[in-house]
Amino acid sequence: MPPEAFRREAHRLADWIADYLTDPGRYPVLSQVKAGDIRNALPRSAPQHGESFDAIFADFERVILPGVTHWNHPGFFAYFAISGSAPGILAEFLSAALNVQAMLWRTSPSATELEEVTLDWLRQLLGLPEGFEGVIYDTASVSTLHALAAAREAAVPDVRGAGLSARPDVPALRVYCSEHAHSSVDKAVILLGLGHDALRRIPADEEFRLRAQALADAIAEDRRAGRLPVAVVATIGSTSSTSVDPLEQIAEICNRERVWLHVDAAYAGVAAMVPGYEWILRGASRAESLVVNPHKWLFTPFDLSVLFCRRMDVLRQAFALTPEYLKTSEAEAGVRNLMDTGIQLGRRFRSLKLWMVLRHFGADGLRARLAEHMRLARLFASWVDDSAIFERSAPVPFSVVCFRLKEDGKQDTSEARHARILDRVNASGEIFLSHTKLDGRYVFRLAIGNLHTTAQHVKRAWDLLNAAAAETAG
Ligand SMILES: Cc1ncc(COP(=O)(O)O)c(C=O)c1O
């Protein structure tokens, strides 16, 4: 593409994106296409000859855009609602243009050192002590995988050299988490060769928090049976209900038992920067590692997950490996090479977007937005609490409300009716909600996390839910 054409198209895209971000609500939030629509609208093979950007962009608007579910839509309340904020988008544009691959310090000193500085800013905002060093991965799943790989490295002698198979000297290994912990913990133990059976899910209390005593009992029972406890994963902001595990008690047990404590604060960890919410990470200073996802609730475009680790040396011991062609003189002099802290060699320049987001909003701006989302969630929860039709299914510590049809013996509260209500409101194109199960029962989840979401959008969601409940009654 000649430079002048690039300039023209970049201006056109800047205008298009600015319009889009001004009013993403003009599109249906949940894509209305049917399975196969997008695939069938596209040619089966790549074009033989190059095409104009005009033609390509026209197809983006005509074919691709209808198949987009708009995470930027203010009516997006599903899963964990997120925002790719403007400063983060601009940083992604720059990052793509620079096309930096940050495996080694010398392959872009700025990428390496900006990551170090920006993550230290974030560490301070979260109130974590100085000993925690940060590293950026794509997702929390990958952060947790690395944390548990480090735990395995610390617990099993020479696991790096000898592996796990055919080792009579290695007892059965165990990892513990709440019954409400995220499925990424399951995937990590599977991938690390511990076997899925190595994961013990500990029962939770009536507010969906891991029971610390049950954890202590499980560890004691496993030790008596000759099994080796390797790690505990505590969740701060569980996926279904955003419950907060009792971190201080869990840390006490882990320190006593000398078991690696990993904290999954992927969604809710950022709330620790809001005055009054510091308590959620109390005890984290005694953990070995903690994951938090700026791409979830810190207005950073997907993807960017941060693993903070107090024993990064163990992670390096697990993964550092330098073939001849990657040796550098400055590494010998002691600079940090990001390839040493993980399984991937190549790495994107992700810190640029977090740096720009932190600078654009400032700590006060971030705190104000997080606090507003939590206020809106409490407002919605108050409507649910006053409702004759719906009832709340869990406490609301952050910005997610779990609720379901009221069990009053007068209305149909079957799973099928819940699913019909969800389908109806999602078909409106105005809002998008998802569901989960708590105590075996279907519940709706309303998650607030988008920068454009206001009380008006939350009220509209409430009205649509009530209308759908009325339409599906009787
Ligand atoms: C508590 C928790 N941990 C981990 C994850 C996985 O996040 P990611 O998509 O970044 O792997 C999620 C996703 O929602 C989550 O809620």
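As the structure is a computational prediction, the values presented were derived from the model and not from experiment. (Residues numbered from 1 in each chain as written. Predicted model: local features only at pLDDT ≥ 70, side-chain atom pairs only at ≥ 80, totals over all residues. Heavy atoms only, no water.)

> How do you make sense of the overall build of the protein when you look at a structure like this?
In terms of regular secondary structure, the protein is built from 16 helices and 11 strands. Its C-alpha atoms give the protein a radius of gyration of 24 Å, near enough to 23 Å, the size a compact globule of 474 residues would have. With the C-alpha coordinates aligned to their principal axes, the bounding extent of the protein is approximately 70 × 60 × 45 Å. Within the span of the protein, comprising 474 residues, buried residues form 51% of the whole. Of all intrachain contacts in the protein linking residues separated by at least 6 positions in sequence, the fraction that spans at least 24 positions is 72%. Summing over all exposed atoms, the protein offers an accessible surface of approximately 21600 Å²; the carbon and sulfur share of this is 53%. Positive and negative charge centroids in the protein, built from 53 and 57 side chains respectively, lie 2 Å apart. (Helix = DSSP H or I, 4+ residues; strand = E, 2+ residues; numbered from the N terminus. Rg over C-alpha atoms; globule rule 2.2 N^0.38 Å. Buried < 20%, exposed > 50% of the residue type's maximum accessible area, 1.4 Å probe, protein only. Contact = heavy atoms within 4.5 Å. Areas by Shrake-Rupley, 256 points an atom, 1.4 Å probe, with all protein chains shown as cover. Lys, Arg positive; Asp, Glu negative; His and termini not counted. Charge placed at Lys NZ, Arg CZ, Asp CG, Glu CD.)

> In this structure, what is going on with the site of the ligand? I would like to understand it.
Around the ligand, 13 residues are found, and the nearest of them are Ala140, Ser141, Thr239, Asp264 and Asn293. Between the ligand and aspartate 264 there is a distance of 2.6 Å, counted from a nitrogen atom to a side-chain nitrogen or oxygen. For the ligand, whose accessible area on its own is 400 Å², the fraction buried by protein is 87%. Listed by contribution, the elements that provide at least two residues to the shell around the ligand are helix H6 (140–155) and helix H11 (294–297). Among the residues forming the shell around the ligand, the class breakdown is three nonpolar, eight polar and two charged. (Near = heavy atom within 4 Å. Polar contact = N/O pair within 3.5 Å; in protein donor to acceptor, adjacent residues only side chain to side chain. Nonpolar A, V, L, I, M, F, W, Y, C, P; charged D, E, K, R; others polar.)

> So what exactly am I meant to see when it comes to the packing of aromatic side chains here?
The relation between two aromatic rings is expressed through the spacing of the ring centres and the mutual angle of the planes. With the rule as written, the count across this model stands at 23 aromatic pairs. A centroid spacing of 5.2 Å and a plane angle of 85° characterise the contact between phenylalanine 76 and phenylalanine 432, whose relative ring orientation is edge-to-face. With phenylalanine 76 in the loop between helix H3 (53–64) and helix H4 (86–98) and phenylalanine 432 in the loop between helix H15 (415–427) and strand S10 (434–438), this residue pair connects regions lying 356 residues apart in the sequence. An identical accessibility class is assigned to phenylalanine 76 and phenylalanine 432; each is buried. Counting every residue linked through ring pairs, the aromatic cluster contains Phe380, Trp383, Phe390, Phe403, Tyr442, Phe444 and Trp462. Across from the ring centre of phenylalanine 80, 5.0 Å away, lies the NZ or CZ of arginine 445, which sits over that ring. (Phe/Tyr/Trp six-rings, centres within 6.5 Å; stacked < 30°, edge-to-face > 60°. Lys NZ or Arg CZ within 6 Å of the ring centre and 35° of its normal.)

> What is the right way to read the pattern of salt bridges from this model?
A pair can form between side chains of opposite charge whenever their charged atoms are brought close. Within the structure shown, the criterion is met by 35 salt bridges. With its nearest N and O atoms 2.7 Å apart, the salt bridge here joins glutamate 92 to arginine 348. Residue glutamate 92 is found in helix H4, and its partner arginine 348 is found in the loop between helix H13 (329–332) and helix H14 (351–386); the two are separated by 256 residues along the sequence. In this structure, the salt-bridge partner of arginine 106 is glutamate 330, at a minimum N-O distance of 2.8 Å. In this pair, arginine 106 is assigned in the loop between H4 and helix H5 (109–126) and glutamate 330 in helix H13, connecting sequence segments 224 residues apart. The exposure class of glutamate 330 is buried, given its relative accessible area of 14%. The structure contains a network of salt bridges with shared partners spanning Glu92, Asp303, Arg348, Arg350 and Lys353. (Salt bridge = Lys/Arg side-chain N within 4 Å of Asp/Glu carboxyl O.)

> When you look at H4 in this model, what are you seeing that I'm missing?
Residues spaced three or four apart along an α-helix face the same direction, because each turn holds 3.6 residues. Under the 1.5 Å per step criterion, the end-to-end length of H4 is 18 Å for 13 residues, consistent within 8% with the ideal 18 Å. Buried residues of H4: Pro87, Gly88, Ala91, Glu92 and Ser95, and no others. The arc enclosing the buried residues of H4, seen along the axis, measures out at 140°, which places them on a common side. Residues of H4 that are exposed and point more than 90 degrees away from the buried face comprise Leu90, Ala96 and Ala97. Downstream of H4 by a residue or two, asparagine 99 has a phi angle that is positive, lying close to 50°. (Expected span 1.5 Å × (residues − 1). Arc of directions from axis to C-beta.)

> Which parts of the structure should I look at to understand the side chain of histidine 418?
Position of histidine 418 among the secondary structure elements: in helix H15. By relative accessible area, which is 0% here, histidine 418 ends up buried. One polar contact links the side chain of histidine 418 to the main-chain carbonyl oxygen of serine 414, over a distance of 3.0 Å. In this structure histidine 418 touches Arg404, Leu405, Thr413, Tyr442 and Phe444, once residues within four positions along its chain are discounted.

> Which parts of the structure should I look at to understand the pairing of strand S4 (residues 228–235)?
When a strand is regular, its side chains alternate between the sheet's two faces. S4 sits mainly inside the fold: seven of its eight residues count as buried. Pairing geometry for strand S2 (residues 173–178) and S4, over five bridges, is parallel. Looking at S4, one finds that valine 175 is bridged to alanine 231. Relative to strand S5 (residues 260–264), S4 is paired through five bridges, and the arrangement is parallel. Paired with alanine 234 across the two strands is valine 263, which belongs to S5. Note that the unit made of S4, helix H10 (residues 247–257) and S5 has a crossover that is right-handed. (Pairing = 2+ DSSP bridges. Right-handed = clockwise from strand over helix to strand, strands pointing away.)

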